[in-house]
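Below are the chains, spelled out letter by letter.
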Amino acid sequence: MATEKFENLRDSIVTLNKPLTIISAADLSRTKQDVSGWVTKGGLIYNKGWAVCDGSTYDPLEFPDLHEALGSPALPADQVVPNGIFRTNEIDLTFSSTPTGWSLISAKGIAYTDSDGNYRLKFNIQATKTASTSAAATISGVTFVGTEACSMTSGVNTEMRAFVSGGAVNVRTTASDANFYVSGDVQLASKPGFFDANLEDNPIIATSNNITSTSIGLPDPTATQKGLLTLDQNAEGNRNYIINGGMDFWQRNTSQTTDGYGSVDRFNLLSSGSSHSVTRENFAIDQTDVEGNPDYYFRNVVTSVAGASNFSVFRQDVEFLKTTAGKTMTLSFYAKADASKDISVTFYQGFGTGGSPSSQNKVGQSKIAITTSWEKYTFTIDIDDLTGKTIGTNNDDYLRVQWWLDAGSDFDSDTDTLGQQSGTFDIYGLKLEQGSQASKFTRAGSTYAGELALCQYYLKRFNSVSSGNQPSFVDVIAISGTRAIGTMFIGNTMRDIPTFERADLSLFSVNGSSPTSLGVRQITKDLAQIDIEGSGFVVGQSYRVEFNGSSSYVQMDAEL
């Protein structure tokens, strides 16, 4: 497509009929995508292979986060803004001080105003770090509001963490020669000096942080632009902090009566005195009560037993307090029950373990009356900042969202006097997002594949098959007549060094019989050395360890 088609865009109008994720060259570089086909012209960035004026769409398999931007049909064909074109005003970040051990490759930033009029900076930094200690890089002329965690990826397998505080980007890694990327989207204390006042006069505002049929006037593409005025769907607006809120993944089981993590991914069930029975239920294919035509919902049948200390809850811990501290958050979900009942939702800040962390802090709660029909319920809460608090050193701090279904009088202050009740509770579409209004349900991982990857960051389970020949999950080499070892690749780097769990020994087979022991010799975030004992091994010979029964499994658990 000839770039000349975009010479005269001053009066063009673009209509966005879906939430829009801004993709800049820096974003693409951070995700290690090929950016050679992208062209920047007059402050616009587009892919010359996909951005065509006939309204063709991008390839979703290549860029799943890129949403359609459809041109207004009322415009002349040569002025229709095609898919993939976005207004971007990228700047090179400069540092007032660079940490010892850093070798900076690139540092890009885009500044914009959000729907509340706050100035924000979205940045991507790529660097090599030859020292294994913590470091902080200060960005000149920028002061961040509060402290926020950033996304961080690396080309090496190591424990990494990044956050911003003041004007500094703080990075911690335990390995040297780490080629890493840090991506952040943070609020600024004041207007940055590189922000263009001319663009500020015509800001792009999205109702409820969700662009729906909003017309936007494009600036003069020949003008010098130093800031960015746009909206990133996943930056603040409607990013979902609840993983598996659509109840898509149930790696462990599709039912549960015990406490703990036992069925639906990322949700922890707890009870005392009273009991619960959770099942995965199917939505009717033609239902219209719940948006998005989902597959499953979560059903919990609670049997209450009288007692001041008795309760039944389910909860999810959102990792890293800094991502939500000091922010206004809105929770939304669909629910119904077998009769009119109340549900209480309580937020807690957990400061983790290691060192001398602060005690758990209850932020607040809301009691919600639900009916026998599917309805969407929402409420907004201001999360406490971290002033005067201490976070533990083990990287296991969290914001806990806890749904109370049954609560004795000991928990009246936590539940707004919910009280005790038996009943059947159906839940779907849980979403926690920044801002004061709820938007349409979206998955934390955007796609099914992205959501599964998030679930497997905390739990990776390998299951047998229901019938036929059972698969092997690791090959081992005998080091004696009764012992063999082998490396099992987990397949994805997990949140922390996981705990290895397995089915009963009778549900495995090696060298024609069940092993006498099966465990791990060593384990990291992405692989495990399996240690197995049996009989009749020949030193140096390889053997397959197989599942032997439909209920056999091994799993790696790195839950908070």
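Before reading on, note that the structure itself is shown above.
## A closer look at the overall build of the protein chain
- The number of helices and strands found in the protein chain is five helices and 35 strands.
- Expressed as a percentage of the 560 residues in the protein chain, the buried residues total 52%.
- In the protein chain, the proportion of contacts linking residues at least 24 apart, taken out of those at least 6 apart, comes to 74%.
- Here the protein chain has roughly 23,200 Å² of accessible surface; of this, 45% comes from carbon and sulfur atoms.

## A look at the pattern of salt bridges
- This structure, assessed with the given rule, holds 13 salt bridges.
- A salt bridge links D248 to R443, with the nearest nitrogen and oxygen atoms 2.7 Å apart. With D248 in the loop between helix 3 (233-237) and strand 16 (255-256) and R443 in the loop between strand 26 (423-434) and helix 5 (448-458), the pair connects residues that are 195 residues apart, well separated along the chain. Residues D248 and R443 agree in their burial class; the two are buried.
- Put simply, R266 and E559 hold a salt bridge, and the shortest N to O gap is 2.5 Å. In this pair, R266 sits in the loop between strand 16 and strand 17 (268-272) while E559 sits in the segment after strand 35 (553-557), placing the two residues 293 residues apart along the sequence.
- Owing to a relative accessible area of 1%, R266 belongs among the buried residues under this scheme.
- We classify E559 as buried; its relative accessible area is 11%.
- Through salt bridges with shared partners, one network takes in R252, R266, D557 and E559.

## Some points on the sheet that holds strand 18 (residues 275-282)
- The six strands lie next to each other as 16-18-19-26-21-24, forming an open sheet whose pairing is antiparallel. If you trace the sheet from one side to the other, it starts and ends with strand 16 and strand 24 (375-382), each paired once.

## Some remarks on the nonpolar core
- Core analysis: the largest hydrophobic core is formed by 37 residues, its most contacted members being V345, F347, W403 and L432.
- Listing elements by their share of this core, those giving two or more residues are strand 19 (296-303), strand 20 (311-319), strand 21 (328-337), strand 22 (341-350), strand 23 (361-370), strand 24, strand 25 (398-407) and strand 26.
- It is strand 21 that provides the largest number of residues to this core, a total of five residues.
- Ignoring sequence-local partners within four residues, the contact set of F347 consists of L331, N361, K362, V363, G364, F379, I381, I383, L399, R400, V401 and L432.
- With 27 residues, the next largest nonpolar core counts V474, M488, M494 and I532 among its residues.

## Some details on the packing of aromatic side chains
- Within the structure shown, the criterion is met by 21 aromatic pairs.
- Taken together, a centroid distance of 5.9 Å and an interplanar angle of 80 degrees make the contact between F347 and F379 edge-to-face. With F347 in strand 22 and F379 in strand 24, this residue pair connects regions lying 32 residues apart in the sequence. In this structure, F347 and F379 share a single accessibility class: buried.
- Taking 5.8 Å as the distance between ring centres and 65 degrees as the angle between the ring planes, the aromatic pair formed by F473 and F508 counts as edge-to-face. Within this pair, whereas F473 is found in strand 28 (residues 472-478), its partner F508 is found in strand 31 (residues 508-509), the two being separated by 35 residues in sequence.
- One aromatic cluster in this structure is built from F267, F298, F314, F333, Y377 and W403.
- Note that R280 overlies the ring of Y296, its terminal NZ or CZ placed 4.2 Å from the centroid.
- Sitting over the face of the ring of F163, K322 holds its NZ or CZ atom 3.5 Å from the ring centroid.

## Observations regarding the pairing of strand 18
- For strand 16 and strand 18, the ladder comprises two bridges, and the chain directions are antiparallel. Each residue of the ladder has a partner; that of S255, found in strand 18, is T279.
- As defined by bridge partners, strand 18 adjoins strand 19 across eight bridges and the pair is classed as antiparallel. By the bridge assignment for strand 19, S275 is matched with T303.

## Remarks on the pairing of strand 33 (residues 527-533)
- Among the seven residues in strand 33, five count as buried, and that is most of the element.
- With seven bridges connecting them, strand 29 (residues 483-489) and strand 33 associate as antiparallel partners. If you follow A484 over to strand 33, its bridge partner there is I532.
- In terms of strand pairing, strand 32 (residues 517-523) meets strand 33 through six bridges, oriented antiparallel. Looking across to strand 33, one finds that V520 is bridged to I530.
- Where strand 32 folds back on strand 33, the antiparallel hairpin that results is connected by three residues.

## A word on unusual backbone geometry
- At N244, a position not held by glycine, the phi torsion is positive, near 65 degrees.
- For N244, the position within the fold is in the loop between helix 3 and strand 16.
- A positive phi angle, near 50 degrees, is found at N293, a position not held by glycine.
- Mapping N293 onto the fold places it in the loop between strand 18 and strand 19.
- Among the residues examined, N293 registers a relative accessible area of 45% and is labelled partly exposed.

## Observations regarding helix 5
- Those residues of helix 5 not exposed but buried are E451, C455, Q456 and Y458. End-on, the buried residues of helix 5 take up no more than an arc of 150 degrees, which puts them together on one face.
- Here the buried face of helix 5 lies against strand 20, strand 27 (459-463) and strand 35.

## A look at the side chain of S271
- Mapping S271 onto the fold places it in strand 17.
- By relative accessible area, S271 is classed as buried at 17%.
- In this structure the side chain of S271 is engaged in a polar contact, spanning 3.0 Å, whose partner is the side chain of D259.
- One polar contact links the side chain of S271 to the main-chain carbonyl oxygen of S274, over a distance of 3.4 Å.
- Beyond its immediate stretch of four places on either side in the chain, S271 contacts D259, H276, F311 and S312.

## Observations concerning the environment of L459
- Tracing the backbone through its elements, the reader meets L459 in strand 27.
- Overall, L459 belongs to the buried group, its relative accessible area being 0%.
- If near-sequence neighbours (up to four positions away) are discounted, L459 is found in contact with Q251, R252, M494, Q555, M556, D557 and E559.

What counts and how
- Residues numbered from 1 in each chain as written.
- Predicted model: local features only at pLDDT ≥ 70, side-chain atom pairs only at ≥ 80, totals over all residues.
- Heavy atoms only, no water.
- Helix = DSSP H or I, 4+ residues; strand = E, 2+ residues; numbered from the N terminus.
- Buried < 20%, exposed > 50% of the residue type's maximum accessible area, 1.4 Å probe, protein only.
- Contact = heavy atoms within 4.5 Å.
- Areas by Shrake-Rupley, 256 points an atom, 1.4 Å probe, with all protein chains shown as cover.
- Salt bridge = Lys/Arg side-chain N within 4 Å of Asp/Glu carboxyl O.
- Pairing = 2+ DSSP bridges.
- Core = buried A, V, L, I, M, F, W, Y, C linked by side-chain atoms within 4.5 Å.
- Phe/Tyr/Trp six-rings, centres within 6.5 Å; stacked < 30°, edge-to-face > 60°.
- Lys NZ or Arg CZ within 6 Å of the ring centre and 35° of its normal.
- Arc of directions from axis to C-beta.
- Polar contact = N/O pair within 3.5 Å; in protein donor to acceptor, adjacent residues only side chain to side chain.

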